[in-house]
Amino acid sequence: MDSCFTKQYGKTLINAYMGTGLQRDYVLNGMSTYIFFMSFVGDGSIVSTFFAVITTGDNASKTGKILWVGNSAENYVSLTDGVTLHLHITSSIWMQCALAKV
């Protein structure tokens, strides 16, 4: 589990070829707002792009939400316990993900 968002405002989470069964968790600051970007790259060009606004609650109330702008990637991304961003990729693909705190 990665909890690197206490002092940084933006971070590239993934920029690499991912195999099947990838699962990663990132602990976000509670009661905060983030901008999330994710893209899948195939044959040298971006094939899918996803944007979201993430609002975190606290892990006691589990009130965090992911608000997708346009297409949803809810099959690959979820917010567990109100503060943990969970990525789960089911196919081998080049993936780029970034997160910025606003």
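Reference entry: report on the structure contained in this document. (Residues numbered from 1 in each chain as written. Predicted model: local features only at pLDDT ≥ 70, side-chain atom pairs only at ≥ 80, totals over all residues. Heavy atoms only, no water.)

### Let's talk about the nonpolar core
Core analysis: the largest hydrophobic core is formed by 25 residues, its most contacted members being Ile-14, Phe-36, Met-38, Ile-54, Val-77, Leu-85 and Met-95. Within the residue set of this core, elements represented by two or more residues are β1 (10-18), β2 (22-27), β3 (33-42), β4 (45-55), β5 (65-69), β6 (77-80), β7 (84-89) and β8 (93-101). (Core = buried A, V, L, I, M, F, W, Y, C linked by side-chain atoms within 4.5 Å. Buried < 20%, exposed > 50% of the residue type's maximum accessible area, 1.4 Å probe, protein only. Helix = DSSP H or I, 4+ residues; strand = E, 2+ residues; numbered from the N terminus.)

### Comments concerning the side chain of His-88
Tracing the chain through its elements places His-88 in strand β7. At a separation of 3.0 Å, a polar atom in the side chain of His-88 contacts the main-chain carbonyl oxygen of Asn-75. Polar contacts involving the side chain of His-88 include one to the side chain of His-86, which spans 3.4 Å. (Polar contact = N/O pair within 3.5 Å; in protein donor to acceptor, adjacent residues only side chain to side chain.)

### Some words on the sheet that holds β3
Ordered by their spatial adjacency, five strands build an open sheet running β1-β8-β3-β4-β5, and the pairing between neighbours is antiparallel. Both edges of this open sheet fall to β1 and β5, since each of them pairs with a single strand only. When the angles between neighbouring strand axes are averaged without regard to direction, this sheet yields 20°. By the bridge criterion, eight bridges tie β1 to β8 in an arrangement that is antiparallel. Along β8, the bridge assignment pairs Thr-12 with Ala-98. (Pairing = 2+ DSSP bridges. Axes fitted to C-alpha atoms, helices over the stretch in contact; angles between N-to-C directions.)

### Regarding the side chain of His-86
Within the secondary structure, His-86 is located in strand β7. Here His-86 is in contact with Gln-23, Arg-24, Asp-25, Tyr-76, Val-77, Ser-78 and Thr-80, once residues within four sequence places are set aside. (Contact = heavy atoms within 4.5 Å.)

### What to know about the pairing of β4
Note on strand geometry: in a regular strand, side chains alternate between the two faces of the sheet. Across ten bridges, the pairing between β3 and β4 is antiparallel. Paired with Phe-36 across the two strands is Ala-52, which belongs to β4. The hairpin turn running from β3 into β4, its antiparallel successor, is two residues long, and Asp-43 in that turn takes a positive phi close to 55°.

### With respect to the packing of aromatic side chains
One pass over the full model with this rule turns up four aromatic pairs. Taking 6.2 Å as the distance between ring centres and 80° as the angle between the ring planes, the aromatic pair formed by Phe-36 and Trp-68 counts as edge-to-face. A residue pair is termed long-range when its members are at least 10 positions apart, and Phe-36 in strand β3 and Trp-68 in strand β5 qualify at 32 residues. On the basis of relative accessibility, which here comes to 0%, the residue Phe-36 falls in the buried class. Each ring, one from Phe-37 and one from Phe-51, has its centre 5.3 Å from the other, and the planes form 50°; the classification is tilted. Here Phe-37, found in strand β3, pairs with Phe-51, found in strand β4; they are 14 residues apart in sequence, far enough to count as distant. An aromatic cluster is built from Phe-40, Phe-50 and Tyr-76, whose rings are joined through pairwise contacts. (Phe/Tyr/Trp six-rings, centres within 6.5 Å; stacked < 30°, edge-to-face > 60°.)

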